[in-house]
Amino acid sequence: MSPASRGLRLVRATKAVQHLTTFVVAGVSTILLTRLYLALTGYPQIGGDTGLHVAHVLPGGLLMLAAMWLQFSYVGPGPRPLAALLGGVGFGLFIDEVGKFVTSDNDYFFAPSAAIMYVVFTGFVVGAHFWRRRVPLSDAERVANAAHVLVDGLAGRLSAQRRAEVLHSLDGLTHPGDVQGVAEVRDLLERVETRTPAVPQRFEELWQRVGEGFTRLASSRFALPVMGVLLLAQIAWALAVLAELVLSRTPHGVAVGGVLVGAGASTVFTATGLWQGRRRGRRAAVESFQRSVLTSLLLTQVFLFAVSQFAATAGLVVDLALLGLVNADLARLRRADR
């Protein structure tokens, strides 16, 4: 249990990263689709010529309220996938209008808005991964999560795949004799009837399969050189966009400097990883690749967003895929060490 969780007496959820990822993907997709729709339709106003303007931050707030209502009104993990989806869409509609709230003239097209939104979502993703990777779930938290899943089983809402996953988690306890209720929870889980998963649970299982796909890719003997090539291609892409910007003589001095620093640091980390892959082993190489990806996410793409939203969006997609691949490989290596 993390220090913050201990202080607040909170139990971390095993599916937290999946739900947070759903939230972020839904939020980013909502922003992109909203801006595309507004551009294609000439930026219409909800309310027409009545003198009223219903900003889309309002339906965004209502969707976030609906997500909280699901969490407050139902027990068990069942509503969480749907709550993460609704909350992500609502938050995307909300933060899409950040330019109106940080400018005195309510400028929706405020140029740094994209960078602000990017920093918020990137910080959310990176923070979620570090929060889980830094301190693994304790045995007590794993048993508590199994009991939470048991709520769905007692109500006849548990899928066979989810039950097998929870039982496997209980098999992996380090000191099962030190935690109360292990045998009782396992016995009830094995006895409850399973059902075909509902739509929200199927959506959750989709993310589970995505994670398993990353793990399979990471276990390939070609994964390490592919990660290195993709990282170098990402750096080359950022420098190409930067070169075009410089040749056009567009005044973006701070952004140019930020992209150069980020690309330079990513290059050093990537080169170090490729060298360590030959000399010190796979884990040291992947850890260097992780530093390269995080540098690109938190530095290079932030400044790139200020000058080219299209290029930065493409870079964001590649960086998130690389982060998933790198984290899956590190998790696999940690399990092998244990």
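Computed from a predicted structure; not experimentally measured.

**Quick look at the environment of Lys-100**
- With respect to the helices, strands and loops of the structure, Lys-100 is situated in helix H5 (residues 98-102).
- In the structure, Lys-100 is positioned 13 residues away from Ser-113 in sequence and 9.2 Å away in space, judged by C-alpha atoms.
- Excluding residues that lie within four positions of it along the chain, Lys-100 makes contacts with His-53, Ala-55, Asn-106, Asp-107 and Tyr-108.

**Focus: the confidence of the model for the protein**
- For the protein, per-residue confidence averages 81 on the pLDDT scale, and 88% of positions sit at 70 or higher.
- Helix H1 (residues 3-8) is the least confidently modelled element of the protein, averaging 56 in pLDDT, while helix H3 (residues 57-73) averages 93, the highest of any element.

**Topic: the side chain of Asp-319**
- Looking at the element boundaries, Asp-319 is found in helix H14 (residues 309-337).
- Summary of buried charges: Asp-319 has no salt-bridge partner, and the nearest side chain of opposite charge, Arg-291, is 15 Å away.
- The residues contacting Asp-319, other than those within four sequence positions of it, are Gln-234, Val-293, Ser-296, Leu-297 and Gln-301.

**Thoughts on the nonpolar core**
- In this structure, Ile-95, Met-227, Val-293, Leu-297, Leu-304 and Val-326 are the most contacted members of the largest nonpolar core, which totals 42 residues.
- Broken down by secondary-structure element, the contributors of at least two residues to this core are helix H2 (16-41), helix H4 (80-95), helix H6 (113-134), helix H11 (223-247), helix H12 (253-279), helix H13 (282-305) and H14.
- Among all residues touching Met-227, those that are not within four sequence positions of it are Val-286, Phe-289, Leu-322, Leu-325, Val-326 and Asp-329.
- Ranked by size, the runner-up nonpolar core spans 14 residues in total, among them Ala-146, Leu-150, Leu-167 and Val-185.

**Some points on the packing of helix H7 (residues 139-154) against helix H9 (residues 182-191)**
- Interhelical geometry of H7 versus H9 gives an angle of 30 degrees and a closest axis separation of 10 Å. What the angle tells us is that H7 and H9 run roughly parallel. Regarding H7 and H9, the two cross each other, and that crossing is left-handed. Counted together, Val-143, Ala-146, Ala-147 and Leu-150 of H7 and Val-182, Val-185, Leu-188 and Leu-189 of H9 form the full contact between these two elements.
- Grouping the amino acids of the contact of H7 with H9 by side-chain chemistry returns 8 nonpolar, no polar and no charged.

**Here's the deal with a nonpolar patch on the surface**
- On the surface, a nonpolar cluster with roughly 480 Å² of combined accessible area is contributed by Leu-62, Leu-65, Met-68 and Phe-72.
- With respect to the secondary-structure elements, Phe-72 resides in helix H3.

**Let's talk about the pattern of salt bridges**
- This model, assessed by the stated rule, comprises 9 salt bridges.
- Measuring nitrogen to oxygen at the nearest pair gives 2.7 Å for the salt bridge that ties Lys-15 to Glu-165. One end of the pair, Lys-15, is in the loop between H1 and H2; the other, Glu-165, is in helix H8 (residues 160-171), with 150 residues separating them in the sequence.
- Arg-186 serves as the salt-bridge partner of Glu-190, at 3.9 Å between the closest nitrogen and oxygen. Pair noted here: Glu-190 and Arg-186 are both in helix H9, with a separation of 4 residues, about one helical turn.

Reading the values: the criteria
- Residues numbered from 1 in each chain as written.
- Predicted model: local features only at pLDDT ≥ 70, side-chain atom pairs only at ≥ 80, totals over all residues.
- Heavy atoms only, no water.
- Helix = DSSP H or I, 4+ residues; strand = E, 2+ residues; numbered from the N terminus.
- Contact = heavy atoms within 4.5 Å.
- pLDDT = per-residue confidence, 0-100.
- Buried < 20%, exposed > 50% of the residue type's maximum accessible area, 1.4 Å probe, protein only.
- Lys, Arg positive; Asp, Glu negative; His and termini not counted.
- Salt bridge = Lys/Arg side-chain N within 4 Å of Asp/Glu carboxyl O.
- Core = buried A, V, L, I, M, F, W, Y, C linked by side-chain atoms within 4.5 Å.
- Axes fitted to C-alpha atoms, helices over the stretch in contact; angles between N-to-C directions.
- Parallel < 35°, antiparallel > 145°, perpendicular 65-115°, else oblique.
- Left-handed = near helix turned anticlockwise from the far one by under 90°.
- Nonpolar A, V, L, I, M, F, W, Y, C, P; charged D, E, K, R; others polar.
- Patch = residues over 30% accessible without salt bridge, like charges linked within 9 Å, V, L, I, M, F, W, Y side chains within 5 Å.
- Areas by Shrake-Rupley, 256 points an atom, 1.4 Å probe, with all protein chains shown as cover.

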